[in-house]
Amino acid sequence: MTMSAKDTNASTNQPIWLQEYIDSPERQIQLYKKTLRILILSQIFGGAGLGAGITVGALLAQDMLGTENAAGIPTALFTLGSAGAALLIGRSSQRFGRRAGLAGGFLAGGLGAIGVIIAALTNSIPLLFISLFIYGAGTASNLQARYAGTDLATDKQRATAASMAMVSTTLGAVVGPNLVNRMGEFADSIGVPTLAGPFILSAAAFIIAGLFILILLRPDPLVVSTAIANAKKKDDTAQTGTNLKNATINKKGVVVGAVIMILTQFVMAAIMTMTPIHMGHHGHGLGEVGLVIGFHIAAMYLPSPLTGILVDKLGRITMAVASGATLLASGLVAAFAPVASMPLLILALVLLGLGWNFGLISGTALIIDSTHPSVRAKTQGSVDVLFALSGAAGGGISGMVVAHSSFAALSLSGAILSLVLIPVVVWSRKSPSKEL
C-alpha cells in the first residue's frame with residue numbers, strides 16, 4: 001500500500017502512527033506492557049513445544065538407531081537448527097520487525113515436529129535428522145522472544161523484562177515433559193510410535209505460538225524502539241554537535257555477555273542430554289525421566305522474575321559469577337549422587353537449570369546494554385548462533401564422553417568448565433564500562 005503525504009509527519013518524515021509513539025512516553029509504556037502480555041501467551045505454548053521434544057529426543061534416536069553412541073545427535077541437530085534459525089530470525093527481525101522473525105521460527109519448529117512424527121512412522125533416519133534440524137527453529141524463537149520483551153524497556157528494566165518473557169515458558173515447559181506418558185499412550189492409540197507422541201504436542205504448541213505472534217504482535221516493538229532511539233540520537237547530535245552515528249555497539253560488553261551465555265549453554269546441554277540415558281540404564285522409567293526433566297526446565301525458567309530483579313539490582317557480573325558457582329555445584333552433585341536417588345538427581349538438574357538461568361539473563365542484559373536498536377536484533381541473532389552451537393557441541397560430545405567413560409566424568413567436566421566464568425569476569429573488570 002502506498003503511503004500518502006497526509007499519513008506522514010511533515011517535520012520528521014515518519015508515519016504519523018509511529019511519530020505518536022516517539023512523542024508519547026505513555027504510549028510507549030502501554031505498548032511495552034501489551035508486548036509482554038502477547039509474549040507471555042505465546043511462550044506458554046512455545047515452552048510446551050520445547051519441553052516435550054527435549055525429553056524424548058535422545059530416547060527416540062537411540063531406539064531408531066539402535067545405539068546410545070548417537071544419543072546426543074538429536075540435541076546436536078536441533079541446536080544446530082536453532083543456530084541457523086537464530087541468524088535468520090535476527091536478520092529478518094532487524095529488517096522486518098520481531099513479528100516476522102519470531103512467528104516464522106515458531107511455525108518452522110512446528111513443521112519440524114511433524115517431520116519427526118512422519119520419520120518415526122516410516123523409520124526414516126534421514127528424515128528424522130532433517131526434521132530435528134528444522135525443529136530447532138522453534139527453540140530459537142523461544143529464546144529470542146526474551147529480546148522482544150526488552151525492546152521498549154528502560155535501562156533499569158531490561159533484565160526484568162527479559163525474565164518476564166522467559167518465565168512464561170515455564171508452564172508449558174514443565175507441563176510438556178510431564179505429558180510424555182499420556183502423549184505416548186495417545187500416539188499408540190492412533191498407530192504412532194510411543195516415543196513420537198510428545199512431538200505431536202510440540203507440533204501443535206509451536207504452531208499456536210507462531211500464530212499468536214503473527215496475529216497479535218502489532219505494532220512491532222522493535223520498529224517502534226528503533227524509531228525512538230534514532231530520534232533521540234538525532235536530538236543528542238543536534239544539542240552536542242557530536243556525530244553519534246557510529247555509537248551503536250560496545251564490543252567488550254557484547255563479548256562478555258556472549259561468553260557467559262555460551263559457557264552456561266554448553267555445560268547445561270551436555271549434562272541434560274545424557275541424564276535420560278543415564279537414568280534409563282539404572283532402571284528409571286519414562287515417567288521418572290519426565291519428572292526430573294520437568295524439574296530441570298522449571299528451574300531454567302521459573303526463577304526468571306527474581307533473577308531479572310537481581311541482575312538489574314546487583315549487576316550483570318555478580319549474577320554471572322553466581323551462574324558459575326551454581327553450575328559447579330550441579331556438576332558435583334550429578335557426578336557423586338547415588339544413581340538410585342531421585343531426590344539427588346532432581347537436585348542436580350535443578351541446580352543445572354538455575355545456573356543456566358543466571359547466566360542467560362545476565363548475558364542477555366549485557367548484550368542489550370551494549371547495542372543500539374538499529375543493530376540490536378542482528379547482533380542478538382549472531383550471538384544466539386554461537387549460543388546454539390555451544391549447545392550443539394555440548395549435546396553432541398556428551399554421548400561420546402559417556403559411551404567411552406561415564407556420566408560422572410561428564411558431570412565433573414561440566415563442573416570444571418563452569419569455573420572458566422571467573423577469568424571472564426576478571427577480564428571484564430580490568431577496564432569496566434558503565435554498561436557492566
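Described in the following lines is the structure provided in the data block. (Residues numbered from 1 in each chain as written. Predicted model: local features only at pLDDT ≥ 70, side-chain atom pairs only at ≥ 80, totals over all residues. Heavy atoms only, no water.)

### A few points about the overall build of the protein chain
- On a plain count of helices and strands, the protein chain comes out with 18 helices and zero strands.
- Relative to its 436 residues, the protein chain shows a buried fraction of 57%.
- Intrachain contacts of the protein chain at a sequence separation of at least 6 include 85% that bridge at least 24 residues.
- As presented, the protein chain carries roughly 17,200 Å² of accessible surface, and 67% of it is formed by carbon and sulfur atoms. (Helix = DSSP H or I, 4+ residues; strand = E, 2+ residues; numbered from the N terminus. Buried < 20%, exposed > 50% of the residue type's maximum accessible area, 1.4 Å probe, protein only. Contact = heavy atoms within 4.5 Å. Areas by Shrake-Rupley, 256 points an atom, 1.4 Å probe, with all protein chains shown as cover.)

### Quick word on the side chain of S163
- Tracing the backbone through its elements, the reader meets S163 in helix α6 (residues 158-167).
- Engagement of the side chain of S163 in a polar contact is seen with the backbone oxygen of T160, the distance being 2.5 Å.
- Once you skip the residues sitting within four places of it in the chain, S163 turns out to touch S304, P305, G308 and I361. (Polar contact = N/O pair within 3.5 Å; in protein donor to acceptor, adjacent residues only side chain to side chain.)

### Some remarks on the nonpolar core
- By size, the foremost hydrophobic cluster in this structure holds 86 residues, and its most contacted members are L60, F199, I213, L352 and W356.
- By residue number, the principal contributor to this core is helix α15 (residues 342-369), which donates 13 residues.
- Discounting chain neighbours no more than four positions away, the residues touching L60 are V116, A120, L128, L195 and F199.
- Core analysis: the next-biggest nonpolar cluster, separate from the first, contains twelve residues, L31, L152, A161 and I228 among them. (Core = buried A, V, L, I, M, F, W, Y, C linked by side-chain atoms within 4.5 Å.)

### With respect to the packing of helix α12 (residues 286-301) against α15
- Where α12 meets α15, the closest approach of the two axes is 7 Å, and the angle between their N-to-C directions is 30°. Between α12 and α15, the angle falls in the class roughly parallel. For the pair α12 and α15, the crossing hand works out as right-handed. Only M342, L345, I346, L349, V350, L352, G353, L354, W356 and N357 of α15 make contact with α12, whose side of the interface consists of E288, L291, V292, F295, H296, A299, M300 and Y301.
- Grouping the amino acids of the contact of α12 with α15 by side-chain chemistry returns 14 nonpolar, three polar and one charged. (Axes fitted to C-alpha atoms, helices over the stretch in contact; angles between N-to-C directions. Parallel < 35°, antiparallel > 145°, perpendicular 65-115°, else oblique. Left-handed = near helix turned anticlockwise from the far one by under 90°. Nonpolar A, V, L, I, M, F, W, Y, C, P; charged D, E, K, R; others polar.)

### Structural notes on the pattern of salt bridges
- Scanning the entire structure with this criterion turns up six salt bridges.
- Measuring nitrogen to oxygen at the nearest pair gives 3.0 Å for the salt bridge that ties D312 to R316.
- The class of R316 is buried, set by a relative accessible area of 6%.
- Several salt bridges share partner residues, and in doing so they unite R158, D312, R316 and D369 into one network. (Salt bridge = Lys/Arg side-chain N within 4 Å of Asp/Glu carboxyl O.)

### As for the side chain of H372
- Tracing the backbone shows H372 in the loop between α15 and α16 (373-404).
- Take H372: its relative accessible area is 11%, and that puts it in the buried class.
- H372 has contacts with A229, N230, K233 and T248, leaving out every residue within four places of it along the chain.

### Considerations on the packing of aromatic side chains
- Per the stated rule, a full pass over the model turns up six aromatic pairs.
- An aromatic cluster is defined as three or more aromatic residues linked by ring pairs; in this entry it consists of F106, Y135, F199 and F206.
- A cation over an aromatic ring shows up here: R146 above the ring of Y147, its NZ or CZ 4.1 Å from the ring centre. (Phe/Tyr/Trp six-rings, centres within 6.5 Å; stacked < 30°, edge-to-face > 60°. Lys NZ or Arg CZ within 6 Å of the ring centre and 35° of its normal.)

### Thoughts on the environment of G308
- You can see G308 is positioned in helix α13 (residues 304-314).
- Expressed as a C-alpha distance, the spacing of G308 and A365, which sit 57 residues apart in the sequence, is 8.9 Å.
- Leaving out residues up to four positions away in the same chain, G308 has contacts with A159, T160, S163 and I361.

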